[in-house]
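The chain contents come next:
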Number of protein chains: 4
Amino acid sequence: MKHMKGVVIAGKNSLAIRDDCPLPEEICPTGALIRPLIWSPCTSDAHLCATGCASLPYLLNKAVGHEMCGEITKIGADVHDFKVDDRVIVCSVMPVWRSLEAQDGHAKNRQDNMYAGNDDPERGGSFVEEYYIHDADMNLARIPEGVTLEQAVMVPDMMCTAFEGVRQLAPGYGASVAVLGVGPVGLMAVRAAVLHGAGNVFAIGSRKVCFDVAREYGATHLVDYHNEDYIEQIVRCNGGPVDGVIVCGGGESALNKGLSMLKNGGTLVNLSAYFGGKPLEIDPAVWGFGYGDKTIKGVGCGGGRLWMTRMAQLIACGRVAPEKLITHRYHGMDKIPEALRLFLNHDRSLIKPVIYND
Amino acid sequence: MKHMKGVVIAGKNSLAIRDDCPLPEEICPTGALIRPLIWSPCTSDAHLCATGCASLPYLLNKAVGHEMCGEITKIGADVHDFKVDDRVIVCSVMPVWRSLEAQDGHAKNRQDNMYAGNDDPERGGSFVEEYYIHDADMNLARIPEGVTLEQAVMVPDMMCTAFEGVRQLAPGYGASVAVLGVGPVGLMAVRAAVLHGAGNVFAIGSRKVCFDVAREYGATHLVDYHNEDYIEQIVRCNGGPVDGVIVCGGGESALNKGLSMLKNGGTLVNLSAYFGGKPLEIDPAVWGFGYGDKTIKGVGCGGGRLWMTRMAQLIACGRVAPEKLITHRYHGMDKIPEALRLFLNHDRSLIKPVIYND
Amino acid sequence: MKHMKGVVIAGKNSLAIRDDCPLPEEICPTGALIRPLIWSPCTSDAHLCATGCASLPYLLNKAVGHEMCGEITKIGADVHDFKVDDRVIVCSVMPVWRSLEAQDGHAKNRQDNMYAGNDDPERGGSFVEEYYIHDADMNLARIPEGVTLEQAVMVPDMMCTAFEGVRQLAPGYGASVAVLGVGPVGLMAVRAAVLHGAGNVFAIGSRKVCFDVAREYGATHLVDYHNEDYIEQIVRCNGGPVDGVIVCGGGESALNKGLSMLKNGGTLVNLSAYFGGKPLEIDPAVWGFGYGDKTIKGVGCGGGRLWMTRMAQLIACGRVAPEKLITHRYHGMDKIPEALRLFLNHDRSLIKPVIYND
Amino acid sequence: MKHMKGVVIAGKNSLAIRDDCPLPEEICPTGALIRPLIWSPCTSDAHLCATGCASLPYLLNKAVGHEMCGEITKIGADVHDFKVDDRVIVCSVMPVWRSLEAQDGHAKNRQDNMYAGNDDPERGGSFVEEYYIHDADMNLARIPEGVTLEQAVMVPDMMCTAFEGVRQLAPGYGASVAVLGVGPVGLMAVRAAVLHGAGNVFAIGSRKVCFDVAREYGATHLVDYHNEDYIEQIVRCNGGPVDGVIVCGGGESALNKGLSMLKNGGTLVNLSAYFGGKPLEIDPAVWGFGYGDKTIKGVGCGGGRLWMTRMAQLIACGRVAPEKLITHRYHGMDKIPEALRLFLNHDRSLIKPVIYND
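About the criteria used
- Residues numbered from 1 in each chain as written.
- Chains lettered and ligands numbered in written order.
- Predicted model: local features only at pLDDT ≥ 70, side-chain atom pairs only at ≥ 80, totals over all residues.
- Heavy atoms only, no water.
- Helix = DSSP H or I, 4+ residues; strand = E, 2+ residues; numbered from the N terminus.
- Rg over C-alpha atoms; globule rule 2.2 N^0.38 Å.
- Buried < 20%, exposed > 50% of the residue type's maximum accessible area, 1.4 Å probe, protein only.
- Contact = heavy atoms within 4.5 Å.
- Areas by Shrake-Rupley, 256 points an atom, 1.4 Å probe, with all protein chains shown as cover.
- Buried area = accessible area lost by both parts, 1.4 Å probe.
- Salt bridge = Lys/Arg side-chain N within 4 Å of Asp/Glu carboxyl O.
- Phe/Tyr/Trp six-rings, centres within 6.5 Å; stacked < 30°, edge-to-face > 60°.
- Least-squares fit on C-alpha atoms with pLDDT ≥ 70 in both.

A. Spotlight on the overall build of chain A. A count of helical and extended segments in chain A gives 11 helices and 16 strands. The C-alpha atoms of chain A give a radius of gyration of 20 Å, which matches the 21 Å a tight globule of 358 residues would have. Counting only C-alpha atoms and orienting by the principal axes, one finds that chain A spans roughly 60 × 40 × 35 Å. Out of the 358 residues belonging to chain A, those deemed buried represent 65%. Long-range pairs, those at least 24 residues apart, make up 70% of the contacts in chain A with a sequence separation of at least 6. Element-wise, carbon and sulfur atoms account for 49% of the exposed surface of chain A, whose accessible area totals about 12,000 Å².

B. Main features of the interface of chain A and chain C. Listed as interface residues are 27 residues of chain A and, on the opposing side, 27 residues of chain C. Buried surface at the junction of chain A and chain C, both sides included, amounts to about 1,900 Å², of which 54% is carbon and sulfur. There are 2 salt bridges connecting chain A and chain C. The partner of Arg310(C) in a salt bridge is Asp243(A), with the nearest N and O atoms 3.0 Å apart.

C. Representation of the packing of aromatic side chains in the model. For the structure on display, the rule yields 20 aromatic pairs over all chains. On the basis of an interplanar angle of 65 degrees and a centroid distance of 6.3 Å, the ring pair of Tyr291(C) and Phe275(D) is categorised as edge-to-face. Remark: Phe275(D) occurs in the loop between strand E12 (262-270) and strand E13 (280-282) and Tyr291(C) occurs in the loop between strand E13 (280-282) and strand E14 (294-298); the pair is interchain, linking two chains. Aromatic ring contacts, followed pair by pair, group Phe163(A), Trp307(A) and Tyr173(C) into a single cluster.

D. Representation of the interface of chain B and chain A within the structure. Each side of the interface is counted separately: chain B has 36 residues, and chain A has 36 residues. Of the roughly 3,100 Å² buried at the junction of chain B and chain A (both faces included), carbon and sulfur atoms supply 54%. The three residues of chain B that bury the most area against chain A are Trp287(B), Tyr291(B) and Asp293(B), which together make up 21% of that side's buried surface. On the surface where chain B and chain A come into contact, there are 4 salt bridges.

E. View of the relation of the copies chain A and chain C. With an axial shift of 0.0 Å and an RMSD of 0.0 Å, the rotation relating chain A to chain C amounts to 180 degrees. In symmetry terms, the pair is related by a two-fold rotation axis. Of the residues that chain A buries at the interface, 100% are likewise interface residues in chain C, meaning the two copies contact each other through the same surface.

If you want it as structure tokens, here you go:
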């Protein structure tokens, strides 16, 4: 076992850079090592830090991070589709493709480690010097010509989550969609909705920096949730309840709010994670008393090489400009804690930070 | 306006037979009058009675009832597919087929009267001498040769609801399904699951009379919810969480229980109505913390001529024997209150009662 | 019965303007009269003319045309959602919403007149002074604020057909789509594919005027079918067979060509009509010998108020600019024959003509 | 390389038992060796023999066969879910689960050998003494308690093909389905249709032995295709064209016949293979001239452990009795050629033969 530098959560609100993160000397025949070129921290990394890994204590003192692109430095003997020096996007969830879940169409629900975005909870995440992945052919994707590192590093979680959510929402042509919470995933959901044929797209948030991107991504209406009657306002403006809702924030009452603006027969996709331990409460009246044909889906980030390849393809074709999400840029692993603090401090100028490994 | 005899809710826990239920002298060109041949009261009729129509006060002192078959006594000039003396099943929900909701594939979510199962809240339900329906061609179905009245009267709500629920669940071949609550709709859901290719079907209930029918309908496991660990028992016996859940009872905690036995990537269909005013609570942990790809659908009874015709066709082809649900038989409208009291008294021998109009 | 002016097919390759086109004095309670503001002739009108209505002889000497927008001049007593002077898009197919086909989700397959795009073959099409429609609430759509007549008249067939085709193709995010034949419907299919998340979009045609619009609509590759190896070229350039194919031209061999470039598991949507009487031939080898999971769908134009409204909404939201299709503009009904001759003469500068009624 | 006994195609209409079929000394870590307990020959084996492997010449002199159950004799180090002596069903197609096709939901369209039903064309099929499979965890399924060998050996192709076809047809509750050709796969399709909620099921064939099973499986109508007007007869008897068609025989004109009895908006699933080199011809008129919303799917056998497990589960739950297909029983590998000759001789008493390896 070799050791290397990595960013770890050392306790509640405490980050550290340690030099004893483990790395096996040998890799398996289908595996690969990747040297990071760019990282991006995520709200969920920040949440882990804020709570000192309360919900997942085994992650304490392990490397954090699941949004990374890099270049391959070593490759197993059974890897067919990649070679050393290839520039790749690394999957943030790690579906196990030889599994019954995969045969059931739910590969992403069979991961060996549901949270940290890697395939070995012992080793932890990708904010390290060198990252080991078990199944290169299945869980890496090549960065296409013309796609920048900044664009590519928005693929593993921001795009893979938002587009998966809208894929499952499946709005029809001209359908109205409300996105509740336009942080980085919500903004991507705005774009995904436009690219799934939505008509009216209501971006519900409060910060100008986000609204500006929402507008560029095709949102037709910008709605401030500080307006007490913003739900009525949306329904009025839309000429009736919306066809679909994406929840990307708002806490335990978000489902209820989303259902309040949703038509009978419509679908709400939830992309938020709820770790607070509090129950989610649904008022039967906003859910058609149980028989209004309103569907609620709790959707997780999509993964695997094909899904990431398709996201990258959308960027290459000019359909999505994910770099618009990036508000902060840093250089060097040592700056990762500073970038993560932007989340902890609720910096109002932040959408997404990236850190170049140089 | 003519007057006629009908069964009305006169107050909390109070039923009455009145002779001043209204009936228009004229019917519209697409309408029909139907003389009931058989009625069946429903839990929801009983619930209305128990609460004195608290949730829908405009139904007080109006005719109740939405499960009825009869023969046509009068027909509008623009009705093409039915004629006087035809024996028909009457829709329990009344989709409005010339509506945008219908064009959206959600016809059943556009009814002129969401509860009482008719198309005019002024006139009320079908426990009357003569029943007026606005759109005969669209919301009646012929009783096929060889299908009895007892079978046919199980179509409008029992079959139309349960089969709609399982249609939306769409279990795959060999999938495992748990039905939480095997009253009459739950029992029909057992049968519907078998006829949608389910393998293991867990019938969760407590009464022998229901379990016996569940077994005949194809349930592979009978589970008593009085066993404290019945959820663990199902998961163990199934070799893992089930692929699908149908909730047909259990109150405000039923969703949580259903989600507890459901696999990630699975679907829960709710067929219960929640009128108690209490919130439905979901523990995030049983819902995959919001990202386990568990879907929750709140499904209403399917309606319209085609859906009812297809239900009747399943009976005619020998696929479903809905008469097995019928535990109590009466004759004459005057017996309807007695039949309804079976529900109010939680009679343990009851699945469904029918009343012949003779 | 009143009489009015209209454009009729008088024989093979012969058009005439007659002043004895019939119009009822009375309209039905759900009906409306519409005074045309703009018309657009269609390839299928031209085909009818070229063959002298050989396939549908009852259309001879009747008014032709099914792409029209206008303003309401008279309205039936039971029309609720429109009033005189409203500017509306008129459905080109006329689904019968009170039908079992509609209840089956195939409303468009129940029309009282499959070809001429109206609801009464006796009266014929909409290239007339005043057009009568039976069900205004269901088969008209309001022209939204900010949408021009030129845009709106591209809705009834060009958009309603192409978007219906791509809706049924349902390409996934980043999927590759080939559009075989980029006349006006094919060009709209290019745009519809982009708005359904497609990545690579191959526009297969031969005329510069069309390729220019294809590029503006988001086609990533322009492919000339005069190149003998254009199919191999597409497969090579795409890195394998495409995920989906839309056939909008190419005659009886088009299915075979489309299947040749389609992956196993992919879908081909056909939007061409085949009236030549010749069989369509499929080489089993390009269809995976019957077991390659290649799907072939023969899709017709979508219709009804909701579908048209959603198309108009896409225009209003700036997602589609259908006016880019319009290459020729005329004024006055008398110019319709001249516009139709563009098709008959295979004018290489033509995509779509419009004629203002002024 | 070891050698063993196996049944090979030695030339046109010529079968031989050879003792030099190859078997590697070593197996890969995910692999397993299986000793056959029961085999079943298939029409496609017979077709290969009849043509002397004309379409797939590399199969000449290699072991044939793809329907087999057996017990595991050796297991690779990375196999987790099976052990020596387990009785298993062997997949007849061999999906490669670590593939982009699998990530695309089309695992079965990525096989290393599309015809012979194994994962190595060098070694050939499973009519051998010992059969080597590369990915035991993914492509074997345990035979459940209570399921016999005769039942189990109907899973890999007969059930896996027919149920996959009906899964993709997805008939709604009460829908009418016609099965064109009720040999063994067609008969299974009858049962699969019943277990997907079909109402009327038309079994189209000519032999009494098949009709008897069709009736037991739930067919409502038995139709002899020697009746010249059998298509009209079906449409009349069904009260209109059917909702779905499954083609399991009938040659190059079967698609056309199937489409002739199919409603607009309906789906035809083809389960036949077409190796004759002749084109499939479709008369546009029976396909709605290309715009009748009739869908044609060319479906291949489903595969993988989960799909086979679910089929076996249906047997274990008593939903399917596949042993009813078996008309001929033999003992010993030496009898396989005799069993195959039943197909070559078009024996009218044959549905399926099995050969026990004892």
